[in-house]
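Take a look at the letters that make up each chain.
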Amino acid sequence: MLGIDHVGIAVADLDAAIAFYADAFGMRCVHQETNEEQGVREAMLAVGDGTGPRLQLLAPARPDSAIAKFLDRSGPGLQQLAYTVADVEAAADALRARGMRLLYDTPRRGTAGSRINFVHPKDAGGVLVELVEPVSLPDESS
Ligand code: V0V
């Protein structure tokens, strides 16, 4: 684990949530995309000077998606905690070796071309843990 990449919050309406976080907390939306495979519309918000972990707003893009199911069961709120890793396959293998269930056999595509996998929340103290291997690590992009 290299650090916290982002914290993900499930929301019903992405545009309304972006406006709320801007008005209430002064957060700036720095990236938006739709991830068809994950069934989400998402926005990344910079917190403070934007150098630290981001806030990710996640809205369902279709009714059978993980976010739609989460909203139905739990309502809006914290859905996931994502860590930056250098190598998502190596990180997943290490966690599997410690007995945790990874949701995917091979990494999937995440925000901005990152490679991602998840640890099942039942194996991680009730928290959906995401592993994120960015396209370029923060210290390589400057
Ligand atoms: C479900 N549970 C959670 C949870 N979702 N607990 C904590 N945090 C969550 N987010 C609990 C739920 O309350 C049940 O507990 C139990 O897990 C149900 O487990 P299940 O039947 O195996 O699973 P489901 O059908 O509820 O689905 C949960 C999982 C699903 C985590 C398997 O949401 C999933 O596949 N998530 C990974 C993909 C994802 O979240 N995509 C959206 C973000 P009880 O009632 O049994 O105690 S996409 C994204 O982050 C991107 C693109 C990115 O960052 O780049």
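Thresholds, definitions, all that
- Residues numbered from 1 in each chain as written.
- Predicted model: local features only at pLDDT ≥ 70, side-chain atom pairs only at ≥ 80, totals over all residues.
- Heavy atoms only, no water.
- Helix = DSSP H or I, 4+ residues; strand = E, 2+ residues; numbered from the N terminus.
- Rg over C-alpha atoms; globule rule 2.2 N^0.38 Å.
- Buried < 20%, exposed > 50% of the residue type's maximum accessible area, 1.4 Å probe, protein only.
- Contact = heavy atoms within 4.5 Å.
- Areas by Shrake-Rupley, 256 points an atom, 1.4 Å probe, with all protein chains shown as cover.
- Lys, Arg positive; Asp, Glu negative; His and termini not counted.
- Charge placed at Lys NZ, Arg CZ, Asp CG, Glu CD.
- Salt bridge = Lys/Arg side-chain N within 4 Å of Asp/Glu carboxyl O.
- Near = heavy atom within 4 Å.
- Polar contact = N/O pair within 3.5 Å; in protein donor to acceptor, adjacent residues only side chain to side chain.
- 1 Å grid on protein atoms, 1.4 Å probe; cavity = no way out; pocket = protein on both sides within 12 Å on 5 of 7 lines; lining within 4 Å.
- Sits in = over half its atoms within 2 Å of the grid points.
- Nonpolar A, V, L, I, M, F, W, Y, C, P; charged D, E, K, R; others polar.
- Pairing = 2+ DSSP bridges.
- Axes fitted to C-alpha atoms, helices over the stretch in contact; angles between N-to-C directions.
- Core = buried A, V, L, I, M, F, W, Y, C linked by side-chain atoms within 4.5 Å.

## Let's talk about the overall build of the protein
- Counting its secondary structure elements, the protein contains 4 helices and 8 strands.
- Reading the secondary structure of the protein in the N-to-C direction produces β-α-β-β-β-α-β-α-β-β-β-α.
- Scaling as 2.2 N^0.38, a compact globule of 142 residues should have a C-alpha radius of gyration of about 14 Å, and the protein matches this with 15 Å.
- Summarising its shape, the C-alpha atoms of the protein cover approximately 45 × 40 × 25 Å along the three principal directions.
- Out of the 142 residues in the protein, the part that is buried amounts to 41%.
- Restricting to contacts in the protein with at least 6 residues of sequence separation, those with at least 24 account for 54%.
- As displayed, the protein has an accessible area near 7,800 Å², and 52% of this comes from carbon and sulfur atoms.
- Counting 13 positive and 20 negative side-chain charges, the protein places the centres of these two groups 6 Å from one another.

## Considerations on the pattern of salt bridges
- What the rule picks out here adds up to 8 salt bridges.
- Measuring nitrogen to oxygen at the nearest pair gives 2.9 Å for the salt bridge that ties Arg96 to Asp93. Of this pair, Arg96 and Asp93 are both found in helix 3 (residues 88-97), 3 residues apart, which corresponds to roughly one turn of the helix.
- Owing to a relative accessible area of 47%, Asp93 belongs among the partly exposed residues under this scheme.
- For Asp123, the salt bridge is made with Arg101, and the minimal N-O distance between the two is 2.9 Å. Residue Asp123 is located in the loop between strand 7 (115-119) and strand 8 (129-133), and its partner Arg101 is located in the loop between helix 3 and strand 6 (108-109); the two are separated by 22 residues in the primary sequence.

## Remarks on the site of the ligand
- Near the ligand lie 25 residues; those nearest to it are Lys69, Arg73, Gln80, Lys122 and Glu130.
- Interatomic distance of 3.0 Å between a side-chain N/O atom of Gln56 and an oxygen atom of the ligand.
- Burial of the ligand by the protein amounts to 72% of the accessible area it has alone, namely 1,000 Å².
- Most atoms of the ligand, that is more than half of them, are within 2 Å of grid points of the largest pocket.
- The element that contributes the greatest number of residues to the shell around the ligand is helix 2 (residues 66-74), accounting for 5 residues.
- Looking at side-chain class alone, the shell around the ligand contains 10 nonpolar, 10 polar and 5 charged residues.

## Quick look at the sheet that holds strand 2 (residues 28-35)
- Taken in spatial order, the 8 strands make up an open sheet running 2-3-4-1-5-8-7-6, and their pairing is mixed. Of all strands in the sheet, those bounded by a partner on one side alone are strand 2 and strand 6.
- Here strand 2 pairs with strand 3 (residues 40-46) via 7 bridges, running antiparallel. Looking across to strand 3, one finds that Glu33 is bridged to Glu42.
- Here helix 3 sits on the sheet in contact with strand 7 and strand 8, set at roughly 15 degrees to strand 7.

## What to know about the nonpolar core
- The biggest cluster of nonpolar side chains holds 12 residues, and these are Ile9, Val11, Leu14, Ala17, Ile18, Tyr21, Met27, Ala43, Leu45, Leu55, Leu57 and Ala59.
- Going through the elements one at a time, helix 1 (14-25), strand 3 and strand 4 (54-60) are the ones with two or more residues in this core.
- Take this core: its biggest share by element is 4 residues, from helix 1.
- With residues near it in sequence (within four places) discarded, Val11 still touches Ala17, Leu57, Leu58, Ala59, Pro60 and Leu71.
- In this structure, Val88, Ala92, Val119 and Val129 belong to the second largest nonpolar core, which totals 9 residues.

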